[in-house]
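Commentary on secondary and tertiary structure
Take a look at the letters that make up each chain.
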Amino acid sequence: MKIIIAGAYAIGTYLAKLLSRNMQDIVLMDEDPENLEKISSEYDLLTMECSPTNIKGLKEAGVEHTDLFIAVTPSESANIASCVMAHQLGAKKTVARVDNPEYVEEHNKELFRQMGISDIIYPEILAAKDIINGLKMSWVRQRWDVHDGALVMLGIKLRETCEILDRPLKDISGPDDPYHVVAIKRNDETIIPGGNDTLQLYDLAYFMTTKQYIPYIRKIVGKEHYVDVQNVIFMGGGKTAARAVKMLPEYMNAKIIEQKPTRCEILNDIFSEDRLVINGDGRDIGLLQEEGIRHTQAFVALTSNAETNILACLTAKRLGVRKTVASVENFDYVNTADGLDIGTIINKKALAASHIYQMMLDANVANVKFLMSINSDVAEFVPSLDSKITRKVVRELNLPKGMTIGGLVRNGEGMLVSGNTLIEAGDSVVVFCYNVDMKKVEKLFI
């Protein structure tokens, strides 16, 4: 597959690295040679010093034979214009990053499709959705819903109160049990577990279950004493914070601490009297105590500085906050934040890349998510009629090493998958992949 990425900035370079591991034919273009220099020497891809709206440059990059053109420069107008031009010059699919939330509304997406732009991404909305998912369940690190929760993936940190530690999975997660453990993060190691593997103290375990059994999962992992989130403090009042606060459930109360007075004025106009906006530093312990940190169940740090966010979350935890969420855009700090037990880590680059990633797959893929914590992909595939995965029961499929099937949704009903399950065309099948080329996986579903 031939892919052109316009913009060697945060999302573009991360996406180029992600796709180059699957040996795709990638061209990364940018006007600044410094942006291209480092990545060209470390990864197997072609770089071009060129504006994405330069017709000659697009032709030289081979846009007429391009399967996917991705425009993720800092300029919204350049992204839109280059996608329109790429489409007219022959690119099969195009995707543009935008800054205007109005553009991602479904009725406006159709307008862009008519212009030749296959999809629009607004990373702040993707991040806000992840934050809200994390806040709805204070005892869960990550949550991923398939078909409005018919099937649910829960990433949970295991503590001393967990009832199912140190026992083989075959004894605690058999065909008749209402959950599967599909992946484990242990220290720096990712494990796609078999029946003889065990869950251990401080593992980050990924459970697949159905919505009605979420309370049961909560019980066996010993998280019933975690109080639900009602009061939230946001540190940093940028676009992501504003979007997340707007999306908060009605039962949650939010305070926003922002250092810039001018931004505070804008936030006050956005929220009127619905939310309290405070001008100050979210790391100021005195201010946090004054604003009721001891009665706050969640603290969300969304400044542009990863170190600040990590430090603020550690401070909030020391003051008794159970649930913390940190924006960590610098990948060098992701493992550090995870090791410090920060909680939920938000990275807009990874979220945007996951959204784009599914567009390069030929199979019917409803959703793809890259799980930074375990360096794995989780995807929702819909098999076509007579695809390879529908011909035999699961235990006879000889699945690629590092791939496991978590569950499926059939006729709107979520169900777990065992070795005796026969997958049918039209099922929504949730697949975990660790160190597996997704193109190999998708061949099972075509």
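A quick note: this is a predicted structure, and the numbers were derived from the prediction, not measured.

Cut-offs applied
- Residues numbered from 1 in each chain as written.
- Predicted model: local features only at pLDDT ≥ 70, side-chain atom pairs only at ≥ 80, totals over all residues.
- Heavy atoms only, no water.
- Pairing = 2+ DSSP bridges.
- Helix = DSSP H or I, 4+ residues; strand = E, 2+ residues; numbered from the N terminus.
- Axes fitted to C-alpha atoms, helices over the stretch in contact; angles between N-to-C directions.
- Contact = heavy atoms within 4.5 Å.
- UniProt positions renumbered as here; feature names shortened; annotations may be inferred.
- Salt bridge = Lys/Arg side-chain N within 4 Å of Asp/Glu carboxyl O.
- Buried < 20%, exposed > 50% of the residue type's maximum accessible area, 1.4 Å probe, protein only.
- Core = buried A, V, L, I, M, F, W, Y, C linked by side-chain atoms within 4.5 Å.

Here the focus is the sheet that holds strand S5 (residues 93-97). Read from one edge of the open sheet, 6 strands run S3-S2-S1-S4-S5-S6, paired in parallel fashion. The open sheet has two edge strands, strand S3 (46-49) and strand S6 (119-121), and neither has a second partner. When the angles between neighbouring strand axes are averaged without regard to direction, this sheet yields 15°. Both strand S4 (residues 68-71) and S5 contribute to a ladder of 4 bridges, which runs parallel. From the neighbouring strand, isoleucine 70 faces S5, where its bridge partner is valine 95. Lying on the sheet, helix H14 (residues 348-357) is in contact with S4, S5 and S6; it crosses S6 at an angle near 170°.

With numbering aligned to this structure, UniProt lists the feature "domain: RCK C-terminal" (unreviewed entry) at residues 141-223 and 366-446. Between the end C-alpha atoms of residues 141-223 the distance is 12 Å, and the span holds 13% helix and 35% strand.

A word on the UniProt feature "domain: RCK N-terminal" (unreviewed entry) in the protein chain. What UniProt calls "domain: RCK N-terminal" (unreviewed entry) maps, in this numbering, to residues 1-121 and 229-346. From the first C-alpha to the last, residues 229-346 spans 18 Å; its make-up is 38% helix and 23% strand.

Let's shift gears to the pattern of salt bridges. Summed over the entire model, instances satisfying the criterion amount to 17 salt bridges. Notably, a salt bridge pairs aspartate 67 with lysine 92, separated by 3.2 Å at the nearest N-O pair. One end of the pair, aspartate 67, is in the loop between helix H3 (55-60) and S4; the other, lysine 92, is in the loop between helix H4 (76-88) and S5, and 25 residues separate them in sequence. The exposure class assigned to aspartate 67 is buried, which follows from its relative accessible area of 19%. Note on lysine 92: relative accessible area 61%, which makes it exposed. Between glutamate 291 and lysine 255 there is a salt bridge, and its shortest N-O distance comes to 3.3 Å. A residue pair is termed long-range when its members are at least 10 positions apart, and glutamate 291 in the loop between helix H11 (285-290) and strand S15 (298-301) and lysine 255 in strand S13 (residues 253-258) qualify at 36 residues. Shared partners join several salt bridges into a network, and the residues in it are Glu106, Glu110 and Arg113.

In this structure, Ile5, Ile70 and Phe299 are the most contacted members of the largest nonpolar core, which totals 68 residues. The residues contacting phenylalanine 299, other than those within four sequence positions of it, are Ile233, Met235, Gly282, Leu288, Ile293, Ala312, Cys313, Ala316, Val321, Lys323, Thr324 and Val325. Formed by 27 residues, the second largest nonpolar core is a distinct cluster that contains Leu135, Val229, Ile256 and Leu302.

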